[in-house]
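Tertiary structure, described
Next come the chains, spelled out residue by residue.
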Amino acid sequence: MDTYNFKEINKEEYRRLTVDKNLPLTQNYFYGEWQEATGRIARYFIAKKGGETASVFLVVKYAMSFGKAYLYIPHGPILYSGVDAKFFEEFKYFLNSLTVQENSIFCRFDPYYLAVDMSEELVELNKIFYRPGRFTYSGNFQPKFEWAIDLTKTEDEIMAEMKKVNRYTVRQAKKNGVAVETIKSGFMSYFEDFYRLASETAIRDRFTEYPKEYYLNIFKNCEKNKNCFLNVVRLNGEVLLVNIFIVFGDTASWLFSGSSNKERQTGYTYLAQWRTIQEAKRMGLKYYNFGGVEPLGKTYKTYKGWAGLTDFKRRFGGFQLEYSDPYDVVANKFWYAIYLIKKFFI
C-alpha cells in the first residue's frame, strides 16, 4: 500500500501549485508573506501519494509566553480528492515530528469546510486527533464561521435577498451624495487615511487593532502581488471609509475596514458594500466573503462582542460557511496543560 510522502517546498513552488485554486485566504502563499513580515516563521508543505498531490498546507509559528511557541495551520490542510483516513494517521505523525523540530508545544489545524463535507473516512479524524475545548479559541485562530454571497446571481436577485432596511439605506446613501471609488493601484496613497479610520473604528467598536506596521506590510504586499482592491468612500470631498479586499481563486474577501464616526446616518457603509458586490461581479468572481461571523444558536467564548458586525453582514443576504473544529497534535504535554489552564481562566 502506498504511503503519503510529506515534503517541504519553497514559497514559489507553493504559489505555483495553489495560485488558481480556491483556497481559504489563510492557506494562500501571500498569507505566509504577511506572517513573515511580522517576524513569524511560515513554512510550506505538500503531501503526495503514488506521485499524486494529496494535500498542501501552510504552517505558521506563533510565539507564546516564557519563550514557548505553537504551530498553526489556519483553515488547513487543503485536501485533494482521494484522501482517506490513512492520510490523517500519517499526518499526525508528521505534525508531531514537525512540532518537536520547531521546539513548539503543539500544532493546531482546522480543515477547510471539513465540518460540512465529511465523508465516512474522515469521521476517523475525531478518533485520531485531540479536539480542544471551545474556550481555547482566541484572536490568533481563524473564525469557525464566515458569511458569503453567491455572485452568480443577478444584481436584482442579490438586492432582493437583502433586508429591506439595507435596500432602503443603499438608495438613501446615493441620494445623500455618497461617492464610492474603487482603487486597484497606488494603494499607499490611501494608507494613512485607512490607518486613521481603522484606529477610529477600533476605539468605537472596542476591538484590538493590529500594529500599524502589520497593516502597512499588507498594503505593500497587495501592491506587489496586485491581488487587492480598495473602496474609498467620500462625502463632500472628505474620506469617510477605506475598505480593503483581496481576490484569490473565484472569491473576493473583505480584509479590513476603517470608517469614520461622522455622517453615519447617510448609510455610506452600506453603499460601500453594495459597490463591492457590484465590482466583484464585474470581475467575474463567484463569491464575496464578508469574513467571520458569530454562529447562530451556538456559544463560543471568542465571539463575544461580534453581534453588531455579524448582523451587519447577514443583512446583505447570503449563506454561512462552516469550518472544522480545531484539532491539536501535542508535543509537550506539561506545557500544553499549562496552556489549557490559562485559556480556561482568562
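A quick note: this is a predicted structure, and the numbers were derived from the prediction, not measured.

Now for the confidence of the model for the chain. Predicted confidence across the chain gives a mean pLDDT of 91, with 94% of residues reaching 70 or more. Across the chain, element-level confidence peaks in strand S4 (residues 69–73) with a mean pLDDT of 98 and bottoms out in helix H4 (residues 125–128) with 82.

Another aspect to go through is a positive patch on the surface. Residues Lys 164, Arg 171, Lys 174 and Lys 175 make up a contiguous surface patch of positive charge. When you line up the elements, Lys 174 lands in helix H6 (residues 164–175).

Following the sequence through the fold, Thr 201 ends up in helix H7 (residues 191–205). Of note is the side chain of Thr 201, whose polar atom sits 2.8 Å from the backbone nitrogen of Ser 259. For Thr 201, the residues in contact, after removing those within four places along its chain, are Arg 206, Phe 207, Ser 257, Gly 258 and Ser 259.

By the definition in use, this model includes 56 aromatic pairs. Each ring, one from Tyr 210 and one from Tyr 215, has its centre 5.9 Å from the other, and the planes form 90°; the classification is edge-to-face. An aromatic cluster is present here, built from Tyr 4, Phe 6, Phe 45, Phe 57, Phe 87, Phe 88, Phe 91, Phe 94, Phe 109, Phe 129 and Tyr 327 joined pairwise through their rings. Seen from the ring of Phe 141, Arg 108 lies directly overhead, with NZ or CZ sitting 4.3 Å from the centre.

So, on to the state of the cysteines. Tallied over the full model, the rule gives one disulfide. Shown here is the disulfide that connects Cys 222 with Cys 228, its sulfur atoms set 2.3 Å apart. Disulfide Cys 222-Cys 228: torsion about the S-S bond near -40°, hence left-handed. Cys 228 shares its class with Cys 222; the two are buried.

The rules behind each value
- Position numbers for residues start from 1 in each chain and track the written sequence from start to end.
- Note on the predicted model: pLDDT of at least 70 is required for a residue's local features to be given, and 80 or more for side-chain atom pairs to be given and counted; whole-chain, interface and lining totals, by contrast, use all residues.
- Side-chain numbers here rest on the full set of heavy atoms in the structure, without hydrogens or water.
- The pLDDT value expresses, per residue, how confident the predictor is, ranging between 0 and 100.
- Secondary structure is summarised from DSSP: a helix means a run of H or I of at least four residues, a strand means a run of E of at least two, and numbering begins at the N terminus for each.
- Patch construction takes residues with relative accessible area above 30% that form no salt bridge. Like charges are linked within 9 Å, and nonpolar side chains (Val, Leu, Ile, Met, Phe, Trp, Tyr) are linked within 5 Å.
- Accessible surface is estimated by sampling points in the Shrake-Rupley manner with a 1.4 Å probe; for residues, cover comes only from the protein chains shown.
- Should a side-chain nitrogen of Lys or Arg be within 4 Å of a carboxyl oxygen of Asp or Glu, the pair is scored as a salt bridge.
- For this count, His and the chain ends are skipped, Lys and Arg are scored as positive, and Asp and Glu as negative.
- Charge coordinates come from a single atom per side chain, which is NZ of Lys, CZ of Arg, CG of Asp or CD of Glu.
- Each polar contact in these results corresponds to two N or O atoms within 3.5 Å; when the atoms are within protein, one needs to be able to donate a hydrogen and the other to accept it, and residues that are neighboring in sequence are counted only if both atoms are side-chain atoms.
- Only heavy atoms enter the contact rule, under which two residues are in contact if any of them lie within 4.5 Å.
- Whether two aromatic rings pair depends on their centres lying within 6.5 Å, for rings of Phe, Tyr and Trp, where Trp uses its six-membered ring; planes under 30 degrees apart make the pair stacked, over 60 edge-to-face, and the rest tilted.
- For a ring to carry a charge above it, either NZ of a lysine or CZ of an arginine must fall within 6 Å of the ring centroid while also lying within 35 degrees of the normal to the ring plane.
- Two cysteine sulfurs form a disulfide in these notes if their separation is within 2.5 Å.
- When accessible area is computed with a 1.4 Å probe and restricted to protein chains, residues below 20% of their type maximum are described as buried, those above 50% as exposed, and intermediate ones as partly exposed.

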